[in-house]
Amino acid sequence: MTAPTESVAAEQRPRREAPKPLTAGTRPYIAQALVYLFVIVPLLALIAAVPFAWGWGLGVVDISLAFVFYVLSGLGVTVGFHRLFTHRSFKTNRTVQVLLAISGMGAVQGPVINWVADHRRHHAYSDREGDPHSPWRFGSSAAALAKGFWHAHMGWLFERDVTNAERFAPDLLKDRVLARINKLFPVWTLASFVLPAVLGGLITWSWWGALTAFFWAGLVRVSVLHHITWSVNSICHMIGERPFKSRDKAANFWPLALVSFGESWHNSHHADPTCARHGVLKGQLDISARLIWMLEKAGWAWKVRWPNEQRLARISVTEQQG
Ligand SMILES: [Zn+2]
Ligand SMILES: [Zn+2]
């Protein structure tokens, strides 16, 4: 295990009485370029592969299934794992809880209780020692940031230390239904790949259709969603705007708002974690908040913690010091 560097820990130590500025200069061009390179080029390559593959193992059925499974598993994570189970930003009935937990498991990001424990730990120690995935872990030089980016994006997943769910998610461990769904993680993972294949096979009535649906709506979809989710941990703690007060380096990165279903409004989220809407400013697209709103309208969600003037005033940078 790598020990967090003194520089990050020390830098974050000084407490409230004399808050240091939120940011410490701008990132060197090299580090900035590396972030763009690693994030955008592979994604462009994937997009470029689509027209080449069209007609040779990729068709309308595959794209449609990939879209449907992306939305289902993605919202399972953003609305279920994140806003409901981690932050309790709304209440809902058992059926919706179960559906969200299962569809989130389809994203293959680990069992819900482990996900929640990691994420609560992330908020508790955000960008400080103890944060499971901070891009600032190794310091702020170009080399340290390149290493930190990799660590925050996916390197941390390969570390063998398991976040203590007894400490960070005792409420979920006590929930018998959720704990049982959690244990069945391998089943949901399998279903997340088998279901697209079965549907693709049935719709096209061919083994080839099953195989291509498995490839695009199973493997490729899981990989794309992985990278979008991980980008919130890496990019959204490095690049973007910071209109609100948060104790860390979380930033709003607009280019990911649509595909991350509103999760890339990450500065607003860290400033007010229990808020059901992350895109709290005008024009900030937040599809997850829209789903919660629809559940509320249908009577399936209540006590939703919507943003209001008091909440916004509390996190506003321009607010007078009390
Ligand atoms: Zn974060
Ligand atoms: Zn969160």
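Procedures and definitions
Residues numbered from 1 in each chain as written. Chains lettered and ligands numbered in written order. Predicted model: local features only at pLDDT ≥ 70, side-chain atom pairs only at ≥ 80, totals over all residues. Heavy atoms only, no water. Core = buried A, V, L, I, M, F, W, Y, C linked by side-chain atoms within 4.5 Å. Buried < 20%, exposed > 50% of the residue type's maximum accessible area, 1.4 Å probe, protein only. Helix = DSSP H or I, 4+ residues; strand = E, 2+ residues; numbered from the N terminus. Contact = heavy atoms within 4.5 Å. 1 Å grid on protein atoms, 1.4 Å probe; cavity = no way out; pocket = protein on both sides within 12 Å on 5 of 7 lines; lining within 4 Å. Points joined across faces, edges and corners; volume = space filled by probe spheres on them. Nonpolar A, V, L, I, M, F, W, Y, C, P; charged D, E, K, R; others polar. Donors = N, O, S within 2.8 Å, 3.2 Å for Na, K, Ca; no water. Tetrahedral: all angles 85-135°; square planar, octahedral: opposite > 155°, others 65-115°. Axes fitted to C-alpha atoms, helices over the stretch in contact; angles between N-to-C directions. Left-handed = near helix turned anticlockwise from the far one by under 90°. Polar contact = N/O pair within 3.5 Å; in protein donor to acceptor, adjacent residues only side chain to side chain.

Novice: Explanation requested: the nonpolar core in the structure shown.
Specialist: Note on soluble globular proteins: their nonpolar side chains tend to be buried together. In this structure, Phe-85, Phe-90, Met-105, Val-112 and Leu-172 are the most contacted members of the largest nonpolar core, which totals 44 residues. In terms of residue count, helix α3 (residues 60-86) provides more of this core than any other element does, seven residues in total. Excluding residues that lie within four positions of it along the chain, Phe-90 makes contacts with Val-79, Arg-83, Leu-84, Leu-100, Ile-292, Leu-295, Ala-301, Trp-302, Lys-303 and Val-304.

Novice: Explain the layout of surface pockets to me, please; I cannot follow it from the model alone.
Specialist: In this approach a probe as big as a water molecule rolls over the atoms, and the regions it shows empty are the leftover space. Computed from the structure, the second largest pocket encloses a volume of approximately 830 Å³. What lines the second largest pocket is a set of 44 residues, among which Asp-118, Pro-132, His-133, Trp-156 and Leu-157 lie closest to the centre. Ranked by residue count, the leading element in the lining of the second largest pocket is helix α11 (residues 207-234), at seven residues. In terms of residue class, the lining of the second largest pocket is built from 19 nonpolar, 16 polar and nine charged.

Novice: Any chance you could explain the coordination of the zinc ion (ligand 1) here in plain terms?
Specialist: For a metal with four tetrahedral donors the ideal donor-metal-donor angle is 109.5 degrees, whereas six octahedral donors ideally subtend 90 or 180 degrees. Protein coordination at the zinc ion (ligand 1) comes from His-122 (NE2), His-237 (NE2), His-266 (NE2) and His-270 (NE2), with a distance range of 2.0 to 2.1 Å. The coordination sphere of the zinc ion (ligand 1) comprises four donor atoms, whose angles at the metal cover 94 to 156°; the geometry is irregular.

Novice: Would you mind showing me how to read the packing of helix α10 (residues 185-204) against α11 here?
Specialist: Two measures define how a pair of helices packs: the angle their axes make with one another and the distance between the axes. Relative orientation of the contacting elements α10 and α11 amounts to 145°, with a least axis distance of 7 Å. By crossing handedness, the relation of α10 to α11 is classed as right-handed. Residue-level contacts link Ser-192, Phe-193, Pro-196, Ala-197, Gly-200, Gly-201 and Thr-204 of α10 to Gly-209, Ala-210, Ala-213, Phe-214, Ala-217, Gly-218, Leu-219, Arg-221 and Val-222 of α11. By residue class, the composition of the contact of α10 with α11 is nine nonpolar, six polar and one charged.

Novice: Looking at this model, I keep getting lost on the coordination of the zinc ion (ligand 2). Mind explaining?
Specialist: The zinc ion (ligand 2) binds to the protein through His-82 (NE2), His-87 (NE2), His-119 (NE2), His-123 (NE2) and His-269 (NE2), with metal-donor distances spanning 2.0 to 2.1 Å. Read in sequence order, the donor residues coordinating the zinc ion (ligand 2) give the pattern H-x4-H-x31-H-x3-H-x145-H. The pair formed by His-82 and His-87 is uniform in burial state, with each residue classed as buried.

Novice: Can you walk me through the side chain of Asn-252 in this structure?
Specialist: Structurally, Asn-252 can be placed in the loop between α11 and α12 (266-271). What makes Asn-252 buried here is its relative accessible area of 3%. Here the side chain of Asn-252 touches His-266 through a polar contact of 3.1 Å, landing on its backbone nitrogen. One polar contact links Asn-252 to Ser-268, side chain to side chain, over a distance of 3.2 Å. With residues up to four places along the chain from it excluded, the contact list for Asn-252 reads Ile-239, Gly-240, Glu-241, Pro-243, Ser-264, Trp-265, His-266, Asn-267, Ser-268 and Gln-284.

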